[in-house]
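Each chain, letter by letter, is given below.
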Amino acid sequence: MAGGSFTLPKPRPNGPPYFSRNQVANALHQVAVLLELQGANVFRVRSYQNASRMLGSITEDFGELVLSGAIFDMKGIGKGLGSALTQAMTEGQWPQDWHDLHDNTPPGLIEMLGIPGLGPKRIKLMAEELGVTTVAELKEAATDNRIAPMKGFGKKSQQRILDGIELLSRFRARRRLDIGLRYGEAFQRKIAAIDGVHRATLAGSARRRKETIGDLDVVVSVDDANHEAVAAAILNLNGIADVKGAGDSKISLILDTTIFDESFAVGHIDPNVLDAIGGDDYEQMEAGGTIDAQVRLVPPHVEPFTLAYFTGSKEHNIVMRQRAIDRGLKLNEFGLIPEAEAGELKGMAAAAFSLKASEEADIYAHLDLAYVPPELREDTGEIDAAAAHALPDLIEVANVKGSLHNHTTLSDGEASLEQMADTARKMGWSWLGIADHSPTLKIANGASADDLLAQGRTIATYNQQWADEGVDFRLFHGVESDILPGGRLDHPDDVLAELDYVVASVHAMTKWRGRDEVENTEELLKVIDHPATTVLGHPTGRILQGREGYEVDLFAVLEHMADHNEAGRLKAIELNASPYRLDLDWRLCKHAKGLGVPVAINPDAHSIRGLSDIAYGVMAARKGWIEPADTLNALTGHELAARLVA
Ligand code: DGT
Ligand code: CA
Ligand code: CA
Ligand code: ZN
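If you're wondering where the values come from, they're calculated on a predicted model, not measured in any experiment.

## Digging into the overall build of the protein chain
Secondary structure assignment for the protein chain yields 29 helices and 15 strands. On C-alpha atoms alone, the protein chain measures out to a radius of gyration of 28 Å, which is about the 26 Å that the 2.2 N^0.38 rule sets for 646 residues. Seen along its three principal axes, the alpha-carbon backbone of the protein chain occupies a region of about 75 × 75 × 55 Å. Buried positions account for 55% of the 646 residues belonging to the protein chain. Long-range pairs, those at least 24 residues apart, make up 70% of the contacts in the protein chain between residues at least 6 apart in sequence. Of the roughly 28,000 Å² that the protein chain leaves accessible, carbon and sulfur atoms contribute 50%.

Structure below.
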């Protein structure tokens, strides 16, 4: 289906043609849905639906089809619709009755369309029979059990509607980092390409690499002479569903998936994860998603201050501002201004007296601080560390030489052992760990002991070959063992003894989430004590925007792991790099680091592409103050082999 929020697409500035094929397909889809909501004749509804679907699948240049008049010869495009589309494409205006349809439909009903699995027919029925016109009223009707008795609905549909409302509200509030960055980077690139823009930078929580993003903040540096033209060009970019406000220096927008030059797809998702974030409805919800964005336009000499301010966090800014006050300076989004000189002046006028900064680093230097990387700006000790010039030397993707938790076709991976190894080598890694699922996890095609051991022999053969050829690459052979009742591992000890390492993970989430912290923690401590256990996989089982993890005292777990490490037994905590997880949470990384518990940044890849999730793991690790030496990933194959034997 065509992506986008439920408003008629805005024309492109440089038409004709004023709309893309996708935008037209989207507009037709909206008309069909609105007609159905209003109870229009089914044939009329269907003609718009068919036209929308047809446009979505043509391969010809749609602009050409319309401008040449060939559109009138297409099946399913009548005279009326053909003229309407021609007019839209050549003049940039949708037919007035399409606008009227939007205006005459209660916004609450349109909002209900965002509830997964709920179509216009059922919305119309519920509006008529229950009198509901808003999502809140619909929720109340479901909670009061007024939907289930309706013909064709029942208890199950009622529950699904309630779940869908819950999902929708979660989605509206915040988006995962990977999704936020996808919108944010696409938007930033489009703005940076506008004539007259010196620099456009994604600020806010996206720049700080928070695991979820509320809204996007972009800071744009532009000379006063170009200010108006650039602001106008931003408002005309593709992908803007709506403009919430456009002031002198601040523009507030809603972006939708038409911002992506290619059609929006989420790609493969582990079924277990998919289930937690909305199942089959998830992709549709993402494709119809939106995100708010705020753009600030400032002249170049002010930009570093604006960027620092809107990068935040608010807590970091407050400490910075206090530090400035202690030095007789006033820090805000316009400058770093000596109190005595600016007097009563405010904003840009006061900024004329500001100390100079051409980069953010200059602002920190004025305050006797080392430059603080954006990920660390959360007021968790970074200012003291910057004052003492003792900030961590954060890990980078380039430091990563390998990762331990990855799957192949032996369990539920999409790629073979050979394909995974090949991709890891192409990424510049010098080692890769293979840890397929264990037998108990039947839904993930957990491998039997025999198959696992056979995989080990294949790996040994490859390793020998590479060694003989002088290739600096090797595979490590492990397993992702389910944690069984009583904190046991899923293979007998003699099988485990054949492996290089074990990633122990909880998958029986329903059971673990149904228990209290004490019991869960005890089982984890037991499984950590097993001599074969090397890594604790996705330590809480949380799925971002999906489900909470099970209750567990991770401080106790980390302290227990620290004892083992002190005694020379390697016990590492996983930072699962999947953007759906980012588990261990970055807030606890610093604690692991302090205790000397190594962090294993693991993409948990189920495909070749999955390996590149390492980038999100590195973002979260950086946010958690992690340096290369705090991880297993920065070790050479040789060093890791030595650690795994000890
Ligand atoms: P989000 O959007 O909820 O994921 O988180 P942020 O951090 O992007 O927050 P947002 O968009 O409300 O504001 C962007 C930055 O602007 C924020 O990180 C710090 C700065 N800022 C906003 N409001 C205030 C404020 O009241 N005081 C201070 N000191 N800074 C603020
Ligand atoms: Ca924000
Ligand atoms: Ca904001
Ligand atoms: Zn896994």
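This is not the end of the story, as more comes after the structure.
## Considerations on the coordination of the calcium ion (ligand 2)
Only D215 (O), D215 (OD) and D217 (OD) from the protein reach the calcium ion (ligand 2) as donors, at distances of 2.2 to 2.5 Å. Taken together, the 6 donor atoms coordinating the calcium ion (ligand 2) span angles of 71 to 170 degrees at the metal, a pattern that classifies the geometry as irregular. If you look at the calcium ion (ligand 2) and the calcium ion (ligand 3), they sit 3.6 Å from each other and are both ligated by D215.

## Here's the deal with the sheet that holds strand β2 (residues 197-202)
The 5 strands are arranged β2-β4-β7-β6-β5 in an open sheet whose pairing can be described as mixed. A single partner strand is all that each edge strand has here, and the edge strands are β2 and β5 (240-246). With strand direction ignored, the average angle separating the axes of adjacent strands in the sheet is 20 degrees. When strand β4 (residues 216-222) meets strand β7 (residues 290-298), the two strands line up parallel, connected through 6 bridges. When the bridges of β7 are listed, V220 appears paired with L297. Helix-sheet contacts for helix α10 (residues 177-192) involve β2, β4, β6 (250-256) and β7, and the interaxial angle to β2 is about 175 degrees.

## Let's talk about unusual backbone geometry
With omega at -5 degrees, the peptide bond leading from G312 into S313 counts as cis. Here S313 shows up in the loop between α15 (303-311) and α16 (314-326). Look at N145: it is not a glycine, yet its phi comes out positive at around 60 degrees. Owing to a relative accessible area of 34%, N145 belongs among the partly exposed residues under this scheme. Notably, L582 is not glycine yet its phi reads approximately 40 degrees, a positive angle. Mapped onto the elements, L582 comes out in the loop between β14 (572-576) and α27 (586-595).

## Thoughts on the domain arrangement of the protein chain
Domain annotation of the protein chain identifies domain 1 (21-104), domain 2 (107-170), domain 3 (175-298), domain 4 (303-387) and domain 5 (397-442 + 478-645). Taken residue by residue, the interface counts 13 residues in domain 3 and 16 residues in domain 4. Three residues stand out in domain 3 for area buried against domain 4, namely R199, R207 and R208, and they jointly supply 50% of the buried area on that side. Here domain 3 is connected to domain 4 by 4 salt bridges. With a shortest N-O distance of 3.4 Å, E359 and R199 are connected by a salt bridge. Of all the elements in the fold, those that place two or more residues in the side of domain 3 that touches domain 4 are β2, α11 (204-207), β4 and β7. Residue composition of the side of domain 3 that touches domain 4, grouped by class: 3 nonpolar, 3 polar and 7 charged.

## So, empty space enclosed by the protein
Here the idea is plain: a probe the size of a water molecule rolls over the atoms and shows the empty space left. Tallied over the entire structure, the rule returns 3 cavities of 30 Å³ or more. Computed from the structure, the largest cavity encloses a volume of approximately 110 Å³. If you trace the largest cavity, you find it lined by F305, A308, Y309, H316, N317, M320, R321, L331, N332, I363 and Y364. Listing elements by their share of the lining of the largest cavity, those giving two or more residues are α15, α16, β8 (329-332) and α19 (360-366). In the lining of the largest cavity, the residues fall into 7 nonpolar, 3 polar and 1 charged. Reported here for the second largest cavity is a volume of approximately 70 Å³. What lines the second largest cavity is simply T7, P9, K10, Q23, N26, L237, N238, G239, I240, A241, D256 and T258. Mapped onto the lining of the second largest cavity, the elements with two or more residues apiece are α1 (21-37) and β5. The residue inventory of the lining of the second largest cavity, partitioned by class, reads 4 nonpolar, 6 polar and 2 charged.

## Considering the site of ligand 1
Of all residues adjacent to ligand 1, which total 16 residues, the nearest are R174, S205, R208, G214 and D215. Here an oxygen atom of ligand 1 and a side-chain polar atom of R208 are 2.9 Å apart. Here a nitrogen atom of ligand 1 and a side-chain polar atom of R321 are 2.9 Å apart. In isolation ligand 1 has 590 Å² of accessible area, and contact with the protein removes 71% of it. At the level of elements, α11, α15 and α16 are the ones that each hand at least two residues to the shell around ligand 1. Grouping the constituent residues of the shell around ligand 1 by class yields 3 nonpolar, 7 polar and 6 charged. Domain assignment of the residues forming the shell around ligand 1 places at least three in each of domain 3 (175-298) and domain 4 (303-387).

## A closer look at the pairing of β6
Most of β6 sits out of view: 6 of its 7 residues are buried. Pairing of β5 with β6, which is carried by 5 bridges, proceeds in the antiparallel orientation. Each residue of the ladder has a partner; that of G245, found in β6, is S252. What sits between β5 and β6 in their antiparallel hairpin is a turn of 3 residues. The pairing of β6 with β7 spans 7 bridges and is classified as antiparallel. Bridging from a neighbouring strand, K250 pairs with R296 of β7.

Each value, and the rule that gives it
Residues numbered from 1 in each chain as written. Chains lettered and ligands numbered in written order. Predicted model: local features only at pLDDT ≥ 70, side-chain atom pairs only at ≥ 80, totals over all residues. Heavy atoms only, no water. Helix = DSSP H or I, 4+ residues; strand = E, 2+ residues; numbered from the N terminus. Rg over C-alpha atoms; globule rule 2.2 N^0.38 Å. Buried < 20%, exposed > 50% of the residue type's maximum accessible area, 1.4 Å probe, protein only. Contact = heavy atoms within 4.5 Å. Areas by Shrake-Rupley, 256 points an atom, 1.4 Å probe, with all protein chains shown as cover. Donors = N, O, S within 2.8 Å, 3.2 Å for Na, K, Ca; no water. Tetrahedral: all angles 85-135°; square planar, octahedral: opposite > 155°, others 65-115°. Pairing = 2+ DSSP bridges. Axes fitted to C-alpha atoms, helices over the stretch in contact; angles between N-to-C directions. Domains from an automatic or database assignment. Buried area = accessible area lost by both parts, 1.4 Å probe. Salt bridge = Lys/Arg side-chain N within 4 Å of Asp/Glu carboxyl O. Nonpolar A, V, L, I, M, F, W, Y, C, P; charged D, E, K, R; others polar. 1 Å grid on protein atoms, 1.4 Å probe; cavity = no way out; pocket = protein on both sides within 12 Å on 5 of 7 lines; lining within 4 Å. Points joined across faces, edges and corners; volume = space filled by probe spheres on them. Near = heavy atom within 4 Å. Polar contact = N/O pair within 3.5 Å; in protein donor to acceptor, adjacent residues only side chain to side chain.

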